[in-house]
Amino acid sequence: MRAVWIGLAGVIAASLWLPAQAVAATDPAMQIYDPWEHFNRGLYRFNDDLDHAVLRPAALGYKRALARPVRKGVRNVLNNIDTPNTLMNDLLQGRIGLGGQSAARFVINSTIGVAGIFDVASPLGIPAHDADFGQTLGRWGLPPGPYLFVPVFGPSDLRDGAGRIVDGFASILSLHDLHVTTPYRTGIEVIDGLDSRLALDSTIEDVKHTATDPYATERSAYLQNRRSRVVDSRKAVDQLPSFDEPPPAAGAPPAAAKSGPS
Amino acid sequence: MRPFSQSLFAAVVLIAMGGAVAVIPSPFIVPASAQSGARNAGAEQFVQTEAQRALNILTQHRGDIASEKRLFRAFIDQVADVQRITYFVLGKYNRSISPGQQREFATVFREYASNVYESRLNEYHGESLRVTGSVARTPTDVVVQTEVYGGKLEQPVAVLWRVLAESGGWRVVDVQVDGVWLAITQQQDFVSTIDNAGGNIQVLIDQLKRQVAKDEAG
């Protein structure tokens with residue numbers, strides 16, 4: 001755990017130090033900071049091949065093997081396992097009301113919902129929501145840092161990559177008293193990955209079919225989605241780009257045109 | 001992107017892209033007193049009314065794909081400001097595009113966008129929409145907040161609509177689902193494609209033409 005915090009401190013320092021982050025942004029919703037684009041595109045192509053050969057076929061095999069209601073129950077259990085981490089991040093972000101909802105969902109779904117198989121809380125008016133440590137770091141003011149594409153895991157950035165590691169250690173599966181063995185935990189993570197890949201299948205296929213540059217489209221969607229979870233909605237509306245004035249002219253230095261904190 | 005909103009994401013693409021340049025006067029007038037940050041009742045009413053009209057087309061002509069496509073093209077011609085969207089999605093390359101390429105791009109972009117949404121008309125499953133508020137960036141530039149619910153959605157999904165007013169009428173220029181603005185995403189896709197072609201806009205135009213030909217053949 002100590003190594004994680006040291007690594008996290010390094011990420012925070014790197015994000016704050018990166019000089020391009022200091023560039024003023026007039027419309028941050030449009031800003032892309034991808035200084036490692038060449039490297040990322042290489043990883044993206046590798047992942048595309050891996051997905052074609054292994055990940056997608058495995059996800060479709062998972063779909064064939066389990067009926068929809070069973071998969072739904074599995075997804076509910078996986079979500080329930082994540083809920084204590086959501087609660088922790090709700091509280092770290094100072095969102096006490098949402099934290100109360102997370103706590104209530106965990107108690108209700110773990111008991112009445114039979115170990116999380118059934119999402120009883122949603123029909124009772126306690127809907128699910130997401131919170132993770134990358135989002136927490138963002139709400140604490142840490143910039144996202146450079147965009148990263150991580151094979152198997154997909155789009156990310158420096159802040160979210162660090163957050164994902166912390167989330168892994170903060171999971172209830174890491175609790176010593178639960179005695180979750182490594183093979184069991186790996187199995188849960190594989191099922192989580194297959195189910196997540198399956199859920200995104202039509203979106204990924206749509207992007208591959210319609211986008212002129214699928215890498216850029218996925219990057220744009222990811223960064224906008226993550227930014228929407230960090231930035232105050234009123235501020236985000238104020239920072240939307242103009243529909244009548246084009247951004248800086250073609251040929252402007254990429255560092256100036258493609259950077260900025262969210 | 002959360003999976004439950006995929007069909008919704010597809011559905012709102014209808015509004016964010018496609019259509020023609022005709023400006024249809026709207027009965028909803030921009031209130032002179034509208035201030036930045038305040039709600040705008042006219043913009044909210046516009047979104048509620050037009051979204052309901054879209055849902056009516058999908059409901060009343062379910063299964064009749066030809067009618068759905070024809071009515072939807074006419075609908076988008078009326079509610080989307082395609083001229084602005086077409087200009088916006090080229091981003092910084094609007095400064096260097098020739099008038100001939102601009103015409104060529106506008107034509108192929110309309111076909112490309114229409115093919116994208118028409119291929120998804122069958123993903124509507126009876127969802128409804130209600131307006132929950134709005135934020136005026138300026139009196140003529142408003143973000144309307146809505147919730148889409150029902151159908152196959154397990155929970156309501158927040159959808160934002162950016163509408164601009166001109167000549168007495170509101171027009172949609174962008175739609176946001178799960179924090180992702182469609183026109184902004186489209187711009188970043190197109191600009192990246194042109195960047196990677198060394199700034200040659202014709203490469204994007206030719207790629208879109210090939211995509212359209214492939215869609216129409218398939």
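Before reading further, recall that the structure is shown in the block above.
For the structure given in this document, a descriptive report is provided here.

The rules behind each value
- Residues numbered from 1 in each chain as written.
- Chains lettered and ligands numbered in written order.
- Predicted model: local features only at pLDDT ≥ 70, side-chain atom pairs only at ≥ 80, totals over all residues.
- Heavy atoms only, no water.
- Helix = DSSP H or I, 4+ residues; strand = E, 2+ residues; numbered from the N terminus.
- Buried < 20%, exposed > 50% of the residue type's maximum accessible area, 1.4 Å probe, protein only.
- Areas by Shrake-Rupley, 256 points an atom, 1.4 Å probe, with all protein chains shown as cover.
- Contact = heavy atoms within 4.5 Å.
- Buried area = accessible area lost by both parts, 1.4 Å probe.
- Salt bridge = Lys/Arg side-chain N within 4 Å of Asp/Glu carboxyl O.
- Polar contact = N/O pair within 3.5 Å; in protein donor to acceptor, adjacent residues only side chain to side chain.
- Nonpolar A, V, L, I, M, F, W, Y, C, P; charged D, E, K, R; others polar.
- Pairing = 2+ DSSP bridges.
- Axes fitted to C-alpha atoms, helices over the stretch in contact; angles between N-to-C directions.
- Parallel < 35°, antiparallel > 145°, perpendicular 65-115°, else oblique.
- Left-handed = near helix turned anticlockwise from the far one by under 90°.
- Expected span 1.5 Å × (residues − 1).
- Patch = residues over 30% accessible without salt bridge, like charges linked within 9 Å, V, L, I, M, F, W, Y side chains within 5 Å.
- Core = buried A, V, L, I, M, F, W, Y, C linked by side-chain atoms within 4.5 Å.

Here we look at the overall build of chain A
(1) Moving on: Per the secondary structure count, chain A includes eleven helices and two strands.
(2) Moving on: Moving toward the C terminus, one meets the helices and strands of chain A in the order α-α-α-α-α-β-β-α-α-α-α-α-α.
(3) Moving on: Classification of the 262 residues of chain A by burial places 44% in the buried group.
(4) Moving on: Counting only carbon and sulfur atoms, one obtains 67% of the accessible surface of chain A, whose full area is about 13,200 Å².

Side note on the interface of chain B and chain A
(1) Moving on: Contact with chain B, which involves 48 residues of that partner, is made by 44 residues of chain A.
(2) Moving on: Across the chain B to chain A interface the summed buried area is about 3,800 Å²; carbon plus sulfur atoms make up 50%.
(3) Moving on: Looking only at chain B, the three residues that lose the most surface to chain A are R95, R137 and Q188 of chain B, adding up to 15% of its buried area.
(4) Moving on: Taken together, the connections running from chain B to chain A amount to one salt bridge.
(5) Moving on: Between K72 of chain A and E154 of chain B there is a salt bridge whose closest N-O contact spans 2.9 Å.
(6) Moving on: Here chain B is connected to chain A by 20 residue pairs in polar contact (both at pLDDT 80 or more).
(7) Moving on: In terms of residue count, the dominant contributor to the side of chain B that touches chain A is helix 6 (residues 182-196) of chain B (eleven residues).
(8) Moving on: Split by residue class, the side of chain B that touches chain A holds 20 nonpolar, 15 polar and 13 charged.

Regarding the sheet that holds strand 4 (residues 169-177) of chain B
All names here are of chain B.
(1) Moving on: A sheet is described by the order of its strands in space; here five strands give the open sequence 1-2-3-4-5, paired in antiparallel fashion. Two strands close off the open sheet at either side, each with one partner strand: strand 1 (127-138) and strand 5 (180-181).
(2) Moving on: Relative to strand 2 (residues 141-150), strand 1 runs antiparallel, the two sharing ten bridges. Bridged to A136 within strand 2 is V142.

Quick look at the side chain of S192 of chain B
(1) Moving on: On the secondary structure map, S192 of chain B appears in helix 6.
(2) Moving on: Accessibility expressed as a relative area gives 6% for S192 of chain B, which makes it buried.
(3) Moving on: With near-sequence residues (within four places) excluded, S192 of chain B lies in contact with R41, D213, A216 and R219 of chain A.

Some points on the packing of helix 3 (residues 68-92) of chain A against helix 7 (residues 182-199) of chain A
Residue and element names in this part refer to chain A.
(1) Moving on: The geometry of helix 3 relative to helix 7 is characterised by a closest axis approach of 11 Å and an angle of 120 degrees between their N-to-C directions. Classified by the angle their axes make, helix 3 and helix 7 are oblique. Taken as a pair, helix 3 and helix 7 cross one another with a handedness that is left-handed. Contacts between helix 3 and helix 7 pair R71, V74, R75 and L78 from the former with I188, I191, D192, D195, S196 and L198 from the latter.
(2) Moving on: Of the residues assigned to the contact of helix 3 with helix 7, the class counts are five nonpolar, one polar and four charged.

Focus on the pattern of salt bridges
Residues and elements named next belong to chain A.
(1) Moving on: Counted under the stated rule, the structure contains 32 salt bridges over all chains.
(2) Moving on: The shortest N-O distance in the salt bridge between D160 and R159 comes to 3.9 Å.
(3) Moving on: A residue is classified by how much of its surface remains accessible, and R159, at 1% relative accessible area, is buried.
(4) Moving on: For R185, the salt bridge goes to E189, with nearest N and O atoms at 3.1 Å. Of the two residues, R185 and E189 are both situated in helix 7; the distance of four residues between them amounts to about one turn of the helix.
(5) Moving on: R185 gets classed as buried once you look at its relative accessible area, which sits at 18%.
(6) Moving on: For E189, a relative accessible area of 45% corresponds to the partly exposed category.
(7) Moving on: Here the salt bridges share partners, and the residues they tie into one network are D48, D51, R56, R197, D201, E205 and K208.

Some words on helix 6 (residues 158-170) of chain A
Residues three or four positions apart in an α-helix share a direction because the helix packs 3.6 residues into each turn.
All names here are of chain A.
(1) Moving on: Across its 13 residues, helix 6 extends 19 Å between first and last C-alpha, which sits within 8% of the 18 Å expected from 1.5 Å per residue.
(2) Moving on: Regarding helix 6, the residues found buried are L158, R159, D160, A162, G163, V166 and D167.
(3) Moving on: One side-chain oxygen at the N-terminal end of helix 6 lies 3.1 Å from the backbone nitrogen of R159; it belongs to D157.

Some details on a nonpolar patch on the surface
(1) Moving on: A cluster of nonpolar side chains, M88, L92 and W140 of chain A, forms an exposed patch at the surface whose accessible area comes to about 290 Å².
(2) Moving on: Note that W140 of chain A resides in the loop between helix 5 (133-139) and strand 1 (147-150).

Some thoughts on unusual backbone geometry
Residues and elements named next belong to chain A.
(1) Moving on: In this model, V114 sits at a positive phi of 55 degrees, which is unusual for a non-glycine residue.
(2) Moving on: Along the chain, the position of V114 falls in the loop between helix 4 (96-111) and helix 5.
(3) Moving on: Non-glycine residue A115 carries a positive phi angle of around 60 degrees.
(4) Moving on: Note on placement: A115 falls in the loop between helix 4 and helix 5.
(5) Moving on: Given a relative accessible area of 52%, A115 falls into the exposed group.

Here we look at the nonpolar core
Note that soluble globular proteins tend to have their nonpolar side chains buried in a common cluster.
(1) Moving on: Core analysis: the biggest nonpolar cluster contains 63 residues, and F72, F105, W161, V163 and F190 of chain B have the highest contact counts within it.
(2) Moving on: When residues in this core are grouped by element, the largest group, eight residues, is from helix 2 (residues 41-60) of chain B.
(3) Moving on: Ranked by size, the runner-up nonpolar core spans seven residues in total, among them Y147, F149, Y222 and L223 of chain A.

Function cannot be read off these values alone, since they describe shape.
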